[in-house]
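# Commentary on secondary and tertiary structure
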Amino acid sequence: FNWSYTMQLPKITYPLTTLEIPSTKKKLPFRPFLVKEEKILLLAKASEQKEDIYLAIMQVINNCASDDQFDCSKLTVFDMEYLFMKLHAISVNNVIQVKYKDSEDDKIYDLQIPIDKVVIKWPKNTSTKIEINQKTGLIMKYVEADVFNDREFLDSGNDALFKLLCKSIAQIYDGEIVYDCSTYTLQEIEQFVEGLDSKIFEKLIEFVSNTPSLYYQLEYTNSKGTKRTIELKSLQDFFTLR
């Protein structure tokens, strides 16, 4: 045959799966991630930089979302981690194979994590409202995944916790007046926080320390008959456990 034109290669379609965003309970359709997304993740993993890996994860989730208006960077960090776990389940395998070296017998154990059993662990008795006095207070929020795009924050070193506290303040109210922190610079918010007393500052730290997180409890018995329990609480725990 003498073809006078090049035939287009077939386009492969994939079924959509509805996933729930934990913080909002909103349900959105996603496709599995493909070879092009695997390449993004492999390149990021090669850099061995946490921020590169998380930026790659955001890109993968955005690619897989069927809604063009969806923006993963506006989700909380735990939302992003949860969605990635669920996408991994529908794209690769519902079971993550991990190895763990036991500190008692020095043996390496092959363990399995069923992704459908991974949940979000919500903190108990945590309010998003912190009162400064009878009429003034703070409305807190969980930090968005966009924090991994913030080079100033990522390079802040020992000052990172303080900046994270400031980024976690959504609003400041004073009587009937509400100040939206997104309309102020981080430096302005920092100056305000520096003027708070130590008790309020401790409440800020407590809020940030009790952020919802992924959670799964691995259990096994080592060669000495000791029952072991490992609590997994972040994406790194699930994929870098050794």
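Before going into details, it helps to say that this report is about the structure given with it. Predicted, not measured: the structure shown is a model, and the values here were computed from it.

### Overview of the pattern of salt bridges
- Summed over the entire model, instances satisfying the criterion amount to seven salt bridges.
- The closest approach of N and O atoms between R228 and D102, which form a salt bridge, is 3.0 Å. Of the two residues, R228 is situated in strand β11 (residues 227–232) and D102 in the loop between β3 (95–101) and β4 (108–114); the sequence distance between them amounts to 126 residues.
- Owing to a relative accessible area of 0%, D102 belongs among the buried residues under this scheme.
- The salt bridge involving E190 is made with K163; its shortest N-O contact spans 2.8 Å. Of this pair, E190 sits in helix α6 (residues 186–194) while K163 is found in helix α5 (residues 160–167), placing the two residues 27 residues apart along the sequence. In this pair, the class of E190 matches that of K163, namely buried.

### Quick word on the side chain of H88
- Positionally, H88 belongs in helix α3 (residues 77–91).
- For H88, a relative accessible area of 12% puts it in the buried group.
- In contact with H88, other than residues within four places in its own chain, are F33, N93, I96, I115 and F239.

### Side note on the sheet that holds β11
- The antiparallel open sheet is built from three strands, whose spatial order is β5-β10-β11. Of all the strands in the sheet, just β5 (119–121) and β11 have a single pairing partner and so form its edges. Strand-to-strand twist of the sheet, defined as the mean angle between neighbouring strand axes without regard to direction, takes the value 45 degrees.
- Here three bridges tie β5 to strand β10 (residues 213–221), and the two strands are oriented antiparallel to one another. In the strand pairing of β10, V119 is matched with Y215.
- Most of the contacts of α3 go to β10, to which it runs at about 55 degrees, and overall it touches β5 and β10.

### Remarks on the packing of aromatic side chains
- All chains considered together, the criterion is met by nine aromatic pairs.
- Note on Y142 and F207: the rings are 5.1 Å apart at their centroids and 10 degrees apart in plane angle, and the pair reads as stacked. Of the two residues, Y142 is situated in the loop between β7 (136–140) and α4 (151–154) and F207 in helix α7 (residues 198–209); the sequence distance between them amounts to 65 residues.
- A ring pair is formed by F162 and F201, whose centres lie 6.2 Å apart and whose planes are at 35 degrees; its orientation type is tilted. Remark: F201 occurs in helix α7 and F162 occurs in helix α5; sequence separation between them is 39 residues.
- Since its relative accessible area comes to 16%, F162 is described here as buried.
- Members of the aromatic cluster, joined through ring pairs, are F78, W122, Y142 and F207.

Cut-offs and rules
Note on numbering: residues in each chain are counted from 1, in written sequence order. Under the rules for a predicted model, residues below a pLDDT of 70 receive no local features and side-chain atom pairs below 80 are neither given nor counted, while totals for whole chains, interfaces and linings still include all residues. Side-chain figures throughout are based on the complete set of non-hydrogen atoms in the structure, without hydrogens or water. Salt bridges are identified by distance alone: a Lys or Arg side-chain nitrogen within 4 Å of an Asp or Glu carboxyl oxygen. Secondary structure elements follow DSSP: runs of H or I of four or more residues count as helices, runs of E of two or more count as strands, with numbering from the N terminus. In this scheme, a residue with accessible area under 20% of its type's maximum is buried, one over 50% is exposed, and one in between is partly exposed, where area comes from a 1.4 Å probe on protein chains only. Note on definitions: a residue-residue contact is assigned when non-hydrogen atoms from the two residues lie within 4.5 Å. By the convention used here, strands pair only if DSSP detects at least 2 bridges between them. In this analysis an axis means a line fitted to C-alpha atoms, helices contributing only their contacting stretch, and an angle means the value between N-to-C directions, from 0 to 180 degrees. Any Phe, Tyr or Trp ring, taking Trp's six-membered ring, that has another such ring centre within 6.5 Å forms a pair; planes under 30 degrees apart are called stacked, those over 60 apart edge-to-face, and the others tilted.

Function cannot be inferred from these measures alone, as they are strictly geometric.
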